[in-house]
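The residues making up each chain are set out below.
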Amino acid sequence: MTSSSLDPQLRNRLTRFIHTGNEIPKYFPGCWTAAKYFEIDSLQVITDALENRENHAEVIDIILQAYKNGWYTRFETIAFAFTKCLLVGPPAVKEATYKAAVEISKTEDMMFFNKFTRLFQTGNGRGWCRYITEWYLSKDPLELAKEVTRVRARYGRSHKILMKKSHVKVDRDHKARDAIVKYVIFGLKRAKQMIDCEETKEIYDYIQKVEDFRHCEDPVAAADMVTQNHFTLDHVPAHLLTTQDIWDAILPEMPLDQLLYNIQRVHNMGFLTNESTTTAVLLSLLNNKDVVQKSKVTPLEVYITLCNYKKKSKPLKYEKAKVVLERQQRRRTRQIFDTKTQQWEWAVSRRHPKEVKFWGIDHPPNPAILAALNKLIDQTWLLTEPTNQKYLITMDMRHNMFKGRHFCKNFIVTRKAKKAAKAIVVAANTTNGGGGGDTDTETKESKKHLHAECFYNKNVTPGHAAIVLALQLLKREKNVKLAVFTDDGVQLVTIERNFSSIEEAEFVFRKANLGKVQLDAPIEWATKTNQKFDVFINMVDRVSRYMELDIKDRGGRGPGGRYGPPPSPEKKVADHCPVRALERYRNSSGIHDAKLIVMSLASHRVGTTDGSHEGVLDIIGIDEHVPKVIDAFVRGEFK
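Residues numbered from 1 in each chain as written. Predicted model: local features only at pLDDT ≥ 70, side-chain atom pairs only at ≥ 80, totals over all residues. Heavy atoms only, no water.

Draft legend 1. Region of the structure containing the nonpolar core. With 92 residues, the main nonpolar core has Leu-373, Ile-393, Phe-509, Ile-537, Ile-597 and Met-599 as its most contacted residues. For this core, the element with the most residues is helix α22 (residues 462-476), which contributes 9 residues. Once residues lying within four places of it in the same chain are set aside, the contact partners of Met-599 are Leu-469, Ile-537, Asn-538, Met-539, Val-540, Ile-619, Val-626 and Ile-630. The next biggest cluster of nonpolar side chains, apart from the first, holds 64 residues, and it includes Leu-6, Leu-50, Ile-60 and Met-163. (Core = buried A, V, L, I, M, F, W, Y, C linked by side-chain atoms within 4.5 Å. Buried < 20%, exposed > 50% of the residue type's maximum accessible area, 1.4 Å probe, protein only. Helix = DSSP H or I, 4+ residues; strand = E, 2+ residues; numbered from the N terminus. Contact = heavy atoms within 4.5 Å.)

Dropping the structure here:
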C-alpha cells in the first residue's frame, strides 16, 4: 500500500461504494445492481480522487485490496470501479488499472469486467490486449485448461473472442499453454494436428475427458464421468441438466452455498420426493459436518433459503411473476386436481421438453429437507470469524414485526357500497313512507399481507430476520447485550448463548415489556449507565414509526424519521436524533470510533444520516450479504 495521500472523505466514499454499492452510508440489497444504476456519471468519487494525479496509485490499491480481502458483497462494484478508472483516468491510471485487473482470478469475474469495458466503450487498444494476454499467460497450463473448459463464455464474452481480439501469442517453448490457446480458437482436433508432443499429453487428456462428457447422451455414463473427474455444474451441458443421475453426481461437488441456491431448482424438477436418491444425497450433504465447516454460510442465508423453500419460490418481481402465472395456467390444461392429496397431478405421461424443468413444481416441500435446513441453522452460528467488539442490539419485537400492517377482517363495506346503500334507504323511505332495510353490499376483504414482509425478501418476516441476526452475534461474539424498545427507553433481555433456538428467543423477546421505538434510546441508556459499547444496532420494521411518539418526543427528527436539524432551544424539546446521540456518547465514553447501524427491515424510507457522518450505516431489508456488510463495517473496512 502506498503512503496515504488520498483525502479521508474520498477514501470513505470509495470504500463505501465497493462494499455497499453506494457512496452514501446505505446498503440497499438487490436494487443497486440494476443496469441503470451503473452509469458514466455514477461513482463521482473516482473522478474527484483522480483530479490529483499523485493519488491514482492509492485509488487502484484500495480497489484491489478490497477484492483480495473478499469483504465486498458483489463483484459488480469492483468491476465498475476499475472501469471508471479507465474512463476518467490518465494513461498512467489506465496502465495501473489493467495491471491490477490481471490479479482477478476467476474466469466469471474477468469476463464480467470485460462486459463493463465493452458497455462503456473503454476501447480494445494495446493496454487492453496486454492485460488479456497477461491474464492467460499468468496461469499454470493445467489450471488454465480447467478454466477454459469449465466456463467457455459468460456475459456476452467468451475465451475465443477475447483471445482473438487481444491476439494472444505464446512463446514457442511453452507447448502446453500454446496447445490450450490453439484448442480455444480452433478446437481439439485441429489443435492436436498443430501441436502434439509429450508436454501436451496431460492437457489433451483432460480436455478430451471434458469433450467426451459434453457429448455424452447416456445420463448414467455421464454421471460416472462427473464422479471420476470431479466436474462442476458449469461443465454440465444443457441436455443433461434435467436428468436425475447427473444431479445425484453433481451435488457432492458443490459447496454449501451453491447447494442452498439450487435446492428449489432440483425440487421443481421433481427430484426431491421422499423415496428419491437425490433427496438422500442432499440430506447427507446438509448434515455433513465437513461440508458445513468448509463453508462460510451464515444462519440468515440458510433461514432465507428455508423460508423460500416453504413458499416454493423466492420473491419474484412483477414481470417474472407474470410469466410464472402464465406457465401455471398452461400447466393446468395438462393436469388434474387430486381431491385426496389436494395436489395437481399430470394427466400426461409424455413430458414436453419445456415441462421437464417444472415437472415437480406443484409438489409440497419435502419435510425432511425442511428439518435438515432447520438443523443446519444451528450448525452455522460460528462459521464466520468474530469481530471481538462490544455490541448492544436493540429490536422492536411488537406484533407489527410479525403480523404486518393489514389485519384480516371478516367483512368491510366499501365507500361506493355505502353511497348505494344510502340511496336505496332514502328511496325506500320515500316510497314506503319510512322504514328501511339492510342491503347486502358487504364484500369480503382480501386476505393478503397477513404477515409482515422484509424488503427484498418477502418470504421472511422482519421479526424473525432480526432474531436470526441477533442470535448469530450473540453466539459468536463474547460481549453482546440484547434489548427491546419500551415506552421508557430500552429493556435488556437475557438469553442463553448456548441453548436458545429461534423459537425460544422469540418467546422471550415477545414476553418483554414492549413499547414504542425511539432510535436514540439505546445510546442514551448506555450514556446514563456508563456502559461501554463499540457498536449499536437498532432493528425495526420501518423508521417512520416515530410518528407513534408524542410531538414532544420527535425533536431532532426530520420528515419520515430521517435526519433533521437540532430543535430550537426556544422550544425546550429534547434532541432525539440518533446520530447526535452517538456523537455525545463518543465524547462522554471516550470510544471515538463507536458505530451505529440502523436496520429498516420492511421499508426503504430511511435516512439516519445525511452522509456527512462517519460510523453510521443504514441497511434496508435483508439478503444473504447483510451479515457480511455488518462485519465489514464493524471491522472498519469502510466507514
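Draft legend 2. How the structure looks around the pattern of salt bridges. Inspection of the entire model under this criterion finds 28 salt bridges. Its salt-bridge partner being Lys-68, residue Glu-103 comes within 2.7 Å of it at the nearest N-O pair. Of this pair, Glu-103 sits in the loop between α5 (91-101) and α6 (107-119) while Lys-68 sits in helix α3 (residues 56-69), placing them 35 residues apart in sequence. For Glu-103, a relative accessible area of 39% translates into the label partly exposed. (Salt bridge = Lys/Arg side-chain N within 4 Å of Asp/Glu carboxyl O.)

Draft legend 3. Representation of the pairing of strand β4 (residues 335-338) within the structure. Strand direction decides the pairing type here: β4 and strand β5 (residues 343-346), joined by 4 bridges, are antiparallel. Looking across to β5, one finds that Gln-335 is bridged to Trp-346. (Pairing = 2+ DSSP bridges.)

Draft legend 4. Structural view of the sheet that holds strand β8 (residues 489-493). Strand order in the open sheet formed by 7 strands is β1-β11-β10-β9-β6-β7-β8, and the pairing between neighbours is mixed. The open sheet has two edge strands, β1 (26-27) and β8, and neither has a second partner. Bridge analysis of strand β9 (residues 535-540) against strand β10 (residues 595-600) gives 6 bridges, and the strand direction is parallel. By the bridge assignment, Met-539 is partnered in β10 with Met-599.

Draft legend 5. Broad picture of helix α12 (residues 201-214). When the terminal C-alpha atoms of α12 are compared, their 20 Å separation across 14 residues agrees well with the 20 Å that a helix rising 1.5 Å per residue should span. Among all positions in α12, only Ile-203, Tyr-204, Tyr-206, Ile-207, Val-210, Glu-211, Phe-213 and Arg-214 are buried. Elements in contact with the buried residues of α12: α8 (141-150), α10 (175-186), α11 (188-194), α13 (219-229) and α14 (244-250). (Expected span 1.5 Å × (residues − 1).)

Draft legend 6. Structural context of the environment of Tyr-563. In this structure, Tyr-563 sits in the loop between β9 and α25 (578-589). Setting aside residues up to four positions removed in sequence, Tyr-563 forms contacts with Gly-558, Cys-577, Val-579, Arg-580, Gly-607, Thr-608, Thr-609, Asp-610 and His-613. In this structure the side chain of Tyr-563 is engaged in a polar contact, spanning 3.5 Å, whose partner is the side chain of Arg-580. (Polar contact = N/O pair within 3.5 Å; in protein donor to acceptor, adjacent residues only side chain to side chain.)

Draft legend 7. Representation of a positive patch on the surface in the model. Together, Arg-265, Arg-327, Arg-330, Lys-354 and Lys-357 make up a region of like positive charge exposed at the surface. Structurally, the position occupied by Arg-265 is in helix α15 (residues 256-268). (Patch = residues over 30% accessible without salt bridge, like charges linked within 9 Å, V, L, I, M, F, W, Y side chains within 5 Å. Areas by Shrake-Rupley, 256 points an atom, 1.4 Å probe, with all protein chains shown as cover. Lys, Arg positive; Asp, Glu negative; His and termini not counted. Charge placed at Lys NZ, Arg CZ, Asp CG, Glu CD.)

Draft legend 8. Summary view of unusual backbone geometry. Positive phi, normally seen in glycine, also occurs at Lys-312, with a value near 65°. Position of Lys-312 relative to the elements: it lies in the loop between α18 (299-310) and α19 (318-332). Of note in the backbone geometry, Tyr-456 takes a positive phi value of approximately 80° without being a glycine. By secondary structure assignment, the location of Tyr-456 is in the loop between α21 (415-432) and α22. Its relative accessible area of 37% is what places Tyr-456 among the partly exposed residues.

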